[in-house]
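# Examination of the molecular architecture
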Protein chains: 2
Amino acid sequence: VSRRPLIVVSNRGPISFARAEGGERIARRGAGGLATALRGLLAREEVTWIASAISDEDRALVAETGGLVPEDAGAPCRLRLLAHDPEAYDGFYNVIANPLLWFVQHSLYGLGAQPVLDERFQRAWAGYVAVNNGFAVEVVAALDNAPQAAVFFHDYHLYLAPRVVRDARPDALLAHFVHIPWPQSDGWSVLPVDQRRAVHDGLLANDLVGVHTQRWRRNLVASAADVLGAGRDHDGRVVHRGRTTTITSRPISVDAGEFDALASSAAVLDAEELVVRGRRERLVLRVDRADPSKNIVRGFTAFGLLLDRHPEWHGRVVMLALLDPSREGVPEYDAYRDAIECEAAAVNARHASAGYQPVDLRIVDDFPLSVAGYKQYDVLLVNAVFDGLNLVAKEGPLVNDRAGVLVLSENAGAHEELGEWALTVNPFDVLGQAEALHAALSMDAGERERRADALANQVRTHDVGHWIDSLLDDLAGVSA
Amino acid sequence: VSRRPLIVVSNRGPISFARAEGGERIARRGAGGLATALRGLLAREEVTWIASAISDEDRALVAETGGLVPEDAGAPCRLRLLAHDPEAYDGFYNVIANPLLWFVQHSLYGLGAQPVLDERFQRAWAGYVAVNNGFAVEVVAALDNAPQAAVFFHDYHLYLAPRVVRDARPDALLAHFVHIPWPQSDGWSVLPVDQRRAVHDGLLANDLVGVHTQRWRRNLVASAADVLGAGRDHDGRVVHRGRTTTITSRPISVDAGEFDALASSAAVLDAEELVVRGRRERLVLRVDRADPSKNIVRGFTAFGLLLDRHPEWHGRVVMLALLDPSREGVPEYDAYRDAIECEAAAVNARHASAGYQPVDLRIVDDFPLSVAGYKQYDVLLVNAVFDGLNLVAKEGPLVNDRAGVLVLSENAGAHEELGEWALTVNPFDVLGQAEALHAALSMDAGERERRADALANQVRTHDVGHWIDSLLDDLAGVSA
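Here's a quick rundown of the structure. (Residues numbered from 1 in each chain as written. Chains lettered and ligands numbered in written order. Predicted model: local features only at pLDDT ≥ 70, side-chain atom pairs only at ≥ 80, totals over all residues. Heavy atoms only, no water.)

### Topic: the interface of chain A and chain B
Counting residues at the interface gives 43 residues for chain A, matched by 43 residues for chain B. Roughly 3,100 Å² is buried in total at the junction of chain A and chain B, and carbon and sulfur atoms are behind 47% of that figure. Together, L111, D186 and F428 of chain A form the three largest contributors to the area buried by chain A at its contact with chain B, with a combined 20%. Note that E119 of chain B and R309 of chain A form a salt bridge whose closest N and O atoms lie 2.6 Å from each other. One can count 30 residue pairs in polar contact (both at pLDDT 80 or more) joining chain A with chain B. Mapped by element, the contributors of at least two residues to the side of chain A that touches chain B are α4 (119-145), α6 (185-188), α8 (214-228), α11 (296-309) and α16 (430-442) of chain A. Of the residues forming the side of chain A that touches chain B, the biggest block, four residues, is contributed by α11 of chain A. When grouped by side-chain class, the residues that make up the side of chain A that touches chain B number 19 nonpolar, 14 polar and 10 charged. (Contact = heavy atoms within 4.5 Å. Buried area = accessible area lost by both parts, 1.4 Å probe. Salt bridge = Lys/Arg side-chain N within 4 Å of Asp/Glu carboxyl O. Polar contact = N/O pair within 3.5 Å; in protein donor to acceptor, adjacent residues only side chain to side chain. Helix = DSSP H or I, 4+ residues; strand = E, 2+ residues; numbered from the N terminus. Nonpolar A, V, L, I, M, F, W, Y, C, P; charged D, E, K, R; others polar.)

Take a look at the structure:
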C-alpha cells in the first residue's frame, strides 16, 4: 500500500516545553497514552503534528517562532503548536471536553441534577467552536503545503474541526480516532440539539472514523441515524450530506518491546522489591487514573465483601490500588478522591488486624511501581463503569510473572478482545465482583496459566504496531 | 372485532380498602393514572383484575376471603387481591421497582456512584421474583376459569410474570403495557446480565407489548436484539425463543368528558378564584409529582434566568409550581425535595420585590387546584428529564381558557404526539428553557390560539377511549 504523508491533529502534542532551573527551555515527553501509541507512527511515516500550546513555555515558543517548533528543540516530528485565546481554551478544555463530553460519553451524569447547561455552557461552547476553528485553519495551511497528505484527528476535543476543513478542502482525505466510548443516542440527548448535531456532523465530515470496539461502532452508526438521519450504503458506510464515512473498529494496544524492556529496568526491579516485601500470599492489583469512570470505590466495596463472605482470605490477600492523581481542583474529581479514601479506610477499619492492612491505597504518579505491580499480581481488577478500551488490561498480562487472573468489566472496550480469557463482571454489581475475586483467587494453576498465556499472546500478537498498520490500511482503502 | 374477557394484572388495583372512623371497611379509588385510564375498559369488557393487597385493610380482607373482593365491596369489576410475603414485597417494591427500575428507565443514576448492587439487591431481586411468581400463579388460576381470556399485564413491576404464565399455558394470549420510558441497551447494562436478560425474556413472553411512543418501541426492539439476540420477522415483530411478540406504540390519554366536568365543578371554581387573585399579567404553571425525573429544579433555574435576561417580565409573571409529594422517606426523594425548595427560594431571594414573589411553590396533593391552574396558565412548562408520556401535557391544553403555550421537553413521550404545536426544550439546557419561556410569553395571540386549538383538538380526538380501542384492536389482531 502506498503511504501518504500524515498530518496528525490532537489537543496534546508529543512534547511540551518547560523552563529548567538553569533557565533553558527543555522538552518533556507527553504523559498521555496517545503520544505513546503514535510514536510508532512517527518512525514509519512523514508526519506533521498540530497540537495546542499548553504550558507557559509552549506559548512563549509560539510567540517567538509563530508556532513551528525548531528542529533542534526535541520534537520527534515536524510539530506546530497553536496558542489559542486563553478564555476560549478554558471553555474548550475545562467545560466542554472535561467534564461535559467526558461525562456524557462515559454515562457518568446523574441526570436528575447534572449537567445544568446555562450561560457558562454557551460561552464555553463558543470557545470549543473557536479552538476547533483554529485547528482547522492550521490543517488547511498544512494541506496547502502537502496536498496529498492524510489528516488524522484525535479524540473528543476535535469533533468540529473536520467539518471546517472539509468545507474548505472538499477532496482532502480526513480520518479521526475517538479513544473514548461512543454512547447511544439517548446518552447524546444530554447535549442540546444544535450541539448534538454539530458533534455528529463534524465527525462525519471525515472519510474514516476509528473507534476501539464493534460496540462503539454500532452505537456511532445508530446515533448518526437517530441524530442526523444519516443512512448507510451497501458496504455499511454511513451516508451523510452526499458523502460516505467508513467507521472502523480497531482496538489500540501497547508496545510489547517497550514493556519487556521496562519490566527488567532498574527502576521497576527496585519497585518490585517493595511490592514483594509488602505482599501476602495473594495480591489483588488495580492501576488507574483517579477518575469516576474507573469505578474505584465499588472496587474497594467488592474487596470488603470478599473478606466478609470468604473470611478464609483474611490475612492472606492484600489489594494494592495504584492511582494516578487526576484533574485535581475539579470539584467532581476532588469529591471522588474523598470517596475513594473513605471507602478504603472503611474496608481497613472493618478487616485490619495486627500486622494486616487489607487495602494498600497509593494515590501517586509512579509508573515503575505500576509495572512492578503488573509483574506481581495474582488478580488484576479492571471494573470500569465505561471505558473506551483500558490499556491496563493489556499492559498487566503482558509482563505478569504469576499467571495472574484478569477480572474485567463488560463495559471496558478491552472486553471485546480479551473477555474470553478473563472473568467478566458487571461494574455496578459489587457482589458479583466480590465473587469473581474469590473465583480468581481460588482458580487452579492450570486454568490460570491457560488464561494468562492466552491473554499475553493476544496482546503480543496485536500490539500497537498492529493497530497503526490496521488504521493505515483502512486509510489506504478509503483513499483508493 | 370479537372481544375476549380480560384479566388485568397490575401492582396497584382500582380500589384499596381502609377502616373508617366508625370502624367499617371503606373502598378508596386508586390515585394512580392507570386506574383512571382503565376505567373505560371496565365499562366495555368483562374484566377480572388481579392486584396486590397494599393497605393493612386490603390484607385483612384477603385473610377473610382468600383474596376475592366481595361484589358489594365497591370494586368496579371482579377483583382479586394478593397478599404477598411482606419481606418479598418490600424488596419488590422499595428496592427493585423503586428506585432501581424507575431510575434505570428514566436514566437518573449518576453511574460513578450509584447504584451499588450488593447483597441487599440480591435479596430484593429474590422478592421481585417471588411477587411476580405469585401474580403468575393467580393468572394461571384465572385462565383456568376463563381459558379464552386475554391477560393484560401493566408496567415495570411485572416484567417476570409473563414468562411464568407462558411456561404454564403456552397458548394463552398475553399482553403487557410499559408506562415508563424504555432505555437503550447501554442503559439496561446497569442491571447484571442475569437480571437484564430476565426482564427482556419475561416481557417477550407476551404476544403484545405496548409502549407510549415510537422512540420507546425502537429502543425495545433494539435492546431485545442487544440483550437477548432476538431477531425480527418480515412484519417487524420481535422473534425470541421460537415465538413472536408484536411491539405497538399507543400513547395513553385522558378522559375528555371527565376533565370537562371537572373544569366546571364547584371545587375547581373555588380553587380558580384563588389562582386568579394570586396571578399577575402572566402565569407560568407546572404540575408534577415531586420526582427527579420531572426536572423541577432546572425549571426554577430557567425561570430565574428568564427574569435575569428579560427584566421586562419582573413583576408581570409568576411561576406556580403544584407538586404532589412523592415517595417521602426515600432518601433520594427527600434530597430532591430539599433541592426544589432551595432553588425556589434562591429565585425568590434574587427577584422578589414589594408585593411580588416570582415563584409560588406548593407541595400539596390538591387536584382541583391543579385543574384550576390548567384553566389559567399562559405557559405550561413540562421539562421532564425523561418521561414515558406525561399526562399533564394533555390535561392542561384540554381545559385551558387562555390560549396558553405548552413548553415541552423533547424527552417526554408526549412530545412525539404534541411536539409540532409546542415549544420544544432540551431538559438539561436551562438557558434554552429560559428563552422558550420568553418566546411563549411574547407570542402573539393568533399564534397562541392556533397552537392551543390544535393541542386541544388532538387530545380531544385521541382521548383515553381511543387508546383503549387501539390496544384492544392490537390484541384482536395478535390473536387472529
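### A word on empty space enclosed by the protein
Counted according to the given criterion, the structure contains five cavities of 30 Å³ or more. Roughly 420 Å³ of volume is contained in the largest cavity. For the largest cavity, the lining is made up of 27 residues, of which S107, L111 and G187 of chain A together with S107 and G187 of chain B are closest to its centre. Listed by contribution, the elements that provide at least two residues to the lining of the largest cavity are α3 (86-105) and α6 of chain A together with α3 (86-105) and α6 (185-188) of chain B. Of the residues belonging to the lining of the largest cavity, the class tally is 18 nonpolar, seven polar and two charged. (1 Å grid on protein atoms, 1.4 Å probe; cavity = no way out; pocket = protein on both sides within 12 Å on 5 of 7 lines; lining within 4 Å. Points joined across faces, edges and corners; volume = space filled by probe spheres on them.)

### Concerning the side chain of D387 of chain B
Residue and element names in this part refer to chain B. Inspection of the secondary structure assignment puts D387 in the loop between β15 (379-382) and α14 (392-399). Classification of D387 by relative accessible area gives buried; the value is 7%. Leave out the neighbours within four places in its chain, and D387 touches H106, P181, W216, K294, N411, A412 and G413. (Buried < 20%, exposed > 50% of the residue type's maximum accessible area, 1.4 Å probe, protein only.)

### Here's the deal with the sheet that holds strand β8 (residues 208-211) of chain B
Residue and element names in this part refer to chain B. Read from one edge of the open sheet, nine strands run β5-β4-β1-β6-β7-β8-β11-β10-β9, paired in mixed fashion. Whereas interior strands pair on both sides, the edge strands pair on one side only; in this sheet they are β5 (78-82) and β9 (231-232). Alignment of β9 against strand β10 (residues 238-240), held across two bridges, turns out to be antiparallel. Bridge pairing in β10 places G231 opposite V239. Running at roughly 145° to strand β7 (residues 173-177), helix α18 (residues 464-479) makes contact with β1 (6-9), β6 (150-154), β7, β8 and β11 (243-249) of the sheet. (Pairing = 2+ DSSP bridges. Axes fitted to C-alpha atoms, helices over the stretch in contact; angles between N-to-C directions.)

### Points about unusual backbone geometry
The residue after N98 of chain B, namely P99 of chain B, is reached through a cis peptide bond having omega 10°. Mapped onto the secondary structure, P99 of chain B falls in helix α3. A cis amide bond links Q114 of chain B with the next residue in sequence, P115 of chain B, at an omega value of -5°. Relative to the elements of secondary structure, P115 of chain B occurs in the loop between α3 and α4 (119-145). Within the chain, A403 of chain A stands out as a residue other than glycine whose phi angle is a positive 50°. For A403 of chain A, a relative accessible area of 16% puts it in the buried group. Positive phi, close to 75°, is recorded for D155 of chain B, a residue that is not glycine. Take D155 of chain B: it is sitting in the loop between β6 and α5 (161-168).

### A word on the sheet that holds strand β13 (residues 317-324) of chain A
Residues and elements named next belong to chain A. Judged by pairing direction, the sheet is parallel, and its six strands sit side by side in the order β14-β13-β12-β15-β16-β17 without closing on themselves. Every other strand in the sheet has two partners, leaving β14 (359-363) and β17 (423-425) as the edge strands with one partner each. Taken over all neighbouring pairs, the strand axes of this sheet differ in orientation by 20° on average, direction set aside. Pairing analysis gives two bridges linking strand β12 (residues 282-289) to strand β15 (residues 379-382), with the strands arranged parallel. Looking at the pairing, L285 lines up with L380 of β15. Of the strands in this sheet, β12, β13 and β14 are in contact with helix α13 (residues 367-376), which crosses β12 at around 145°.

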